[in-house]
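Chain by chain, the residues:
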Amino acid sequence: MQKKTKILLCSVGISLMLGGCSGMNSTNTNQDSGKAKEVQTLPSGDTFISVQDYTGEGYFLANGKETDKIAEANRTQIDEAAKKFFQEKYKTEVKVHNVVGAKDGATVFVESVGEPHFYTYAVVPIIEKENKADIDKIWADDYQVQNAIKGGLYHMIFKEEFQQLDKYFESLADKGEITGKTKEALQNVGGYGFMTSYYLISTSKNDESIIPVYELYLSNPKESIEKLKTAFDESKFSAENLTIGIQLFMKDKDAKPSEKIFNQVVKDLEEMKNIPRGSYGIVLNDNLIHRETSEGFKENSLERDYPNQIVKE
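About the criteria used
Residues numbered from 1 in each chain as written. Predicted model: local features only at pLDDT ≥ 70, side-chain atom pairs only at ≥ 80, totals over all residues. Heavy atoms only, no water. Helix = DSSP H or I, 4+ residues; strand = E, 2+ residues; numbered from the N terminus. Buried < 20%, exposed > 50% of the residue type's maximum accessible area, 1.4 Å probe, protein only. Contact = heavy atoms within 4.5 Å. Areas by Shrake-Rupley, 256 points an atom, 1.4 Å probe, with all protein chains shown as cover. Axes fitted to C-alpha atoms, helices over the stretch in contact; angles between N-to-C directions. Parallel < 35°, antiparallel > 145°, perpendicular 65-115°, else oblique. Left-handed = near helix turned anticlockwise from the far one by under 90°. Nonpolar A, V, L, I, M, F, W, Y, C, P; charged D, E, K, R; others polar. Core = buried A, V, L, I, M, F, W, Y, C linked by side-chain atoms within 4.5 Å. Domains from an automatic or database assignment.

**Thoughts on the overall build of the protein chain**
Inference 1: Assigned secondary structure in the protein chain consists of nine helices and 14 strands.
Inference 2: When burial is assessed residue by residue, the protein chain has 55% of its 313 residues classed as buried.
Inference 3: Taking all contacts inside the protein chain whose residues are at least 6 apart in sequence as the whole, residues at least 24 apart take part in 71%.
Inference 4: Looking at the protein chain as shown, the accessible area adds up to about 14,700 Å², and 45% of this sits on carbon and sulfur atoms.

This is the structure:
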């Protein structure tokens, strides 16, 4: 089993948009592929908290101290602008959970209302000299938002298969050895599409099978689930284009990632028949999560990911 200091899927995606996954400044050898792989290490001296206690408090983005204050002072306007933006451009009602200052702007974390369910984000420019939020220029990374909506649509049209996956992780948690991120953490600093406490869904730009579903949804957000299912182009589906990124944590606050549990999860997923098709990446962390980045991946984390994912065709 391979241990690598890398964040699964650079998970939130927020840092990518605002300057890259912070801390990606070291490399480690990926023995599966024989190539050096860029990895993430967390800054020394930063604080960690038990994942069960983490709600997103303490999260920050680079150079956001002053813009954070301005964003908070303009919070009502920012919330209204974000709701209007997603309704007009993506035909989706959202609620705003958190606004975090960043360089020259503020990131607005939102959650869709109803289905398709997903978390995503927008950015509002901040003019520090004028102590102003430029709400008329609110914007979002179109690929990230589309990815979020498509992930939510996948969950809708393959609901029964995802329910099997959910039941599996709930049964693992019931045994008292593993846990996942809190709902509050997902709401306040999630932002990466369809997410549960245990996994997220991500689609490739090359995924042509979900495009007709996405287009039908935009044309009629109240379209029936039956018609959305019918729109899915089965002939163009490839498991490589749908990633299900699993990130688990040890429940015991002092426990190291268990190779026994990790290997059992890998074995179970390889053998399960009724879960969604796609490519599965798995990470098992210890119990701690970094307050400022919302990341749990560390030197001792256990991982099976690209190019050695579990592929369910």
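Now, onward.
**Some thoughts on the packing of helix α5 (residues 159–174) against helix α9 (residues 259–271)**
Inference 1: Where α5 contacts α9, the two axes come as close as 12 Å, and the packing angle between them is 155 degrees. Compared by their axis directions, α5 and α9 come out roughly antiparallel. For the pair α5 and α9, the sense of crossing is right-handed. Contacts from L165, Y168 and L172 of α5 reach α9 at Q264, V265, D268 and L269.
Inference 2: Of the residues that constitute the contact of α5 with α9, the class distribution is five nonpolar, one polar and one charged.

**Here we look at the nonpolar core**
Inference 1: Judged by nonpolar contacts, the single largest core of 66 residues is most densely connected at L153, L165, F169, Y199, I246 and L269.
Inference 2: Looking at which element gives the most residues to this core, the answer is helix α4 (residues 142–157), with seven residues.
Inference 3: Residues lining this core come from more than one domain, with at least three contributed by each of domain 1 (51–141) and domain 2 (144–208 + 237–312).
Inference 4: Core analysis: the next-biggest nonpolar cluster, separate from the first, contains 12 residues, V100, A185, F249 and I289 among them.

**Thoughts on the packing of α4 against helix α7 (residues 211–219)**
What describes two packed helices is the angle between their axes and the distance between those same axes.
Inference 1: Relative orientation of the contacting elements α4 and α7 amounts to 100 degrees, with a least axis distance of 10 Å. What the angle tells us is that α4 and α7 run roughly perpendicular. Counting all contacts with α4, which are made through Q146, I149, K150, L153 and I157, the residues of α7 involved are I211, V213, Y214 and Y217.
Inference 2: Split into classes, the residues belonging to the contact of α4 with α7 amount to seven nonpolar, one polar and one charged.

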